[in-house]
Amino acid sequence: MNMDNTNKNINQNANTNENKKINNKRGSEYKEQLEKLKDKNYIKELEKQGIKVVSVNDRDYPAKLLPYDHRPEYLFYKGRLPDRDKPVVAMVGARACSNYGRKMARALARELSENGVQIISGMARGIDTYSQIGALEGGTPTFAVLGSGVDVCYPTENIELYNDILKNGGIISEYPPGAGPIAWHFPLRNRIISGLSDKVIVVEAREKSGSLITVEWALEQGKDVMAVPGRVGEKLSDGCNRLIRAGAGIITGANDVLNDIQYSGSKNENEKKQKEKGLSTGEKKMLNNAKQILVSELVLAEHATQEEVEQLVENKINTSYMMFRADDIEPESVVNKFIPFDGTGTSD
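Residues numbered from 1 in each chain as written. Predicted model: local features only at pLDDT ≥ 70, side-chain atom pairs only at ≥ 80, totals over all residues. Heavy atoms only, no water.

What the rule picks out here adds up to 10 salt bridges. One salt bridge in this structure joins lysine 64 and aspartate 198, with 3.8 Å as the shortest N-O distance. One end of the pair, lysine 64, is in the loop between β1 (51–55) and β2 (74–79); the other, aspartate 198, is in the loop between α7 (185–195) and β7 (199–202), with 134 residues separating them in the sequence. Here aspartate 198 falls in the partly exposed class, since its relative accessible area comes to 33%. Among the salt bridges present, the one from aspartate 164 reaches lysine 167, with a minimum N-O distance of 3.1 Å. Here lysine 167 and aspartate 164 lie together in helix α6 (residues 159–168), a separation of 3 residues that amounts to about one turn. Three or more residues are tied together by salt bridges with common partners; here these are Arg106, Arg110 and Glu137. (Salt bridge = Lys/Arg side-chain N within 4 Å of Asp/Glu carboxyl O. Helix = DSSP H or I, 4+ residues; strand = E, 2+ residues; numbered from the N terminus. Buried < 20%, exposed > 50% of the residue type's maximum accessible area, 1.4 Å probe, protein only.)

Moving on, we come to the packing of aromatic side chains. A full pass over the atoms with the stated rule returns 2 aromatic pairs. Look at tyrosine 154 and phenylalanine 186: their rings are 5.9 Å apart centre to centre, the planes differ by 50 degrees, and that puts the pair in the tilted class. Here tyrosine 154, found in the loop between β5 (142–145) and α6, pairs with phenylalanine 186, found in helix α7; they are 32 residues apart in sequence, far enough to count as distant. Given a relative accessible area of 15%, phenylalanine 186 falls into the buried group. Residues tyrosine 175 and tryptophan 184 carry aromatic rings whose centres are separated by 6.3 Å and whose planes lie at 85 degrees to one another, so their mutual orientation is edge-to-face. Grouping residues by exposure puts tyrosine 175 and tryptophan 184 together as buried. When the ring centre of tyrosine 154 is taken as origin, the NZ or CZ atom of arginine 125, which lies over that ring, is 5.9 Å away. (Phe/Tyr/Trp six-rings, centres within 6.5 Å; stacked < 30°, edge-to-face > 60°. Lys NZ or Arg CZ within 6 Å of the ring centre and 35° of its normal.)

Looking now at unusual backbone geometry. Residue proline 155 follows tyrosine 154 across a cis peptide bond; omega there is 0 degrees. Note on placement: proline 155 falls in the loop between β5 and α6. The phi dihedral of methionine 123 is positive, around 60 degrees, even though this residue is not glycine. Position of methionine 123 relative to the elements: it lies in the loop between β4 (118–121) and α5 (127–138).

What the 9 strands build is an open sheet, ordered β1-β2-β6-β5-β4-β3-β7-β8-β9; its pairing is mixed. The open sheet has two edge strands with one neighbour each: β1 and β9 (249–250). For strand β8 (residues 224–227) and β9, the ladder comprises 2 bridges, and the chain directions are parallel. Bridged to methionine 226 within β9 is glycine 249. On the sheet, α7 packs against β2, β3 (88–92), β4, β5 and β7 and is oriented at approximately 155 degrees with respect to β5. Contacting β7, β8 and β9, helix α9 (residues 238–245) crosses the sheet at an angle of about 130 degrees to β8. (Pairing = 2+ DSSP bridges. Contact = heavy atoms within 4.5 Å. Axes fitted to C-alpha atoms, helices over the stretch in contact; angles between N-to-C directions.)

Once that is clear, we can look at the nonpolar core. Grouped together as the largest cluster of nonpolar side chains are 31 residues, with contacts concentrated most on Ile120 and Ile172. Elements with a contribution of two residues or more to this core: β2, β3, β5, α7, β7, α8 (211–221), β8 and α9. The leading source of residues in this core is α8, at 4 residues. Ignoring anything within four residues of it in the chain, the contact list for isoleucine 172 reads Leu75, Phe76, Tyr77, Leu81, Pro82, Phe143, Ala144, Val145, Leu146, Val150 and Leu196. (Core = buried A, V, L, I, M, F, W, Y, C linked by side-chain atoms within 4.5 Å.)

Across the two faces of β4 the burial is the same, with Gln118 and Ile120 and Ile119 and Ser121 all buried. Strand direction decides the pairing type here: β3 and β4, joined by 3 bridges, are parallel. Considered in β4, the bridge of valine 88 is made with glutamine 118. As for the winding sense of the linkage, the β-α-β connection from β3 through helix α4 (residues 99–114) to β4 is right-handed. With 3 bridges joining them, β4 and β5 adopt parallel strand pairing. Bridged to serine 121 within β5 is alanine 144. On the question of chirality, the crossover connecting β4 to the parallel β5 by way of α5 is right-handed. (Right-handed = clockwise from strand over helix to strand, strands pointing away.)

Spelled out as structure tokens, the structure:
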């Protein structure tokens, strides 16, 4: 999806006085949070409440968030984090949605979940709620990213949904336990919703819907955006129809997403098989040994998590080079040649 005007708006908005005020608040809150996290007794107390915390330096930190400069330094969560090996789709939309929107959100989420897709949303009223109800019905774990602490259910009427999500999925937040649902928390948490996903689906939205903030984050992160088309002239359809005019993918059923996900997965698998086609057992062993050397070097250098490094090695290393140099390989030179790190743990 190519939306140049939207990207320009993102950059303009980042420089507004309002965002500067928010960043100041974030900085103050972060400093307080950092001091608390240094206290081992505080961590133990959180564990007693079933709350876990993961930092960007931990192996359990979500790999999908690592490439972004705006990633949260810490995440608090109850339950579990999304499975790295399964696709994740974010579903967002209007709080004051129509009956059509509720039915579409629930049906789409249920079918995606039945096919092993993890649904992530914000557990807000309306589309978020019905998306996560549908995901629960489908059986695959679903995840909610809150604009409050993970121990604060907001909106309060979603307490049953909150508890149901925790049975198999997880509640996630960058805000410390006890933090209330402050207005400026929500636009920022949207970057985590989109960041954790492979695709973002907007089910129903007005022209200036808050859910379009998630779309802006998704565009900045390079994510695919899809929208459910609505009736022309309906206010609740204006946002989705505008996204489609601007280039968003049209979604009329779960297969529109499932076919795309399966194509991406099979394409990556076929490319991997083609790389190793024709190698003898001994050559494959040498190739795997060389890959392990590179992975170990990078992990020790703390450039990235082991999973991220393994993926980079798989994608970037030239197989023939690796095959012939496996016996006398110099990990550092190969890393510099094939994986041009910029010092932040991300490749080009």
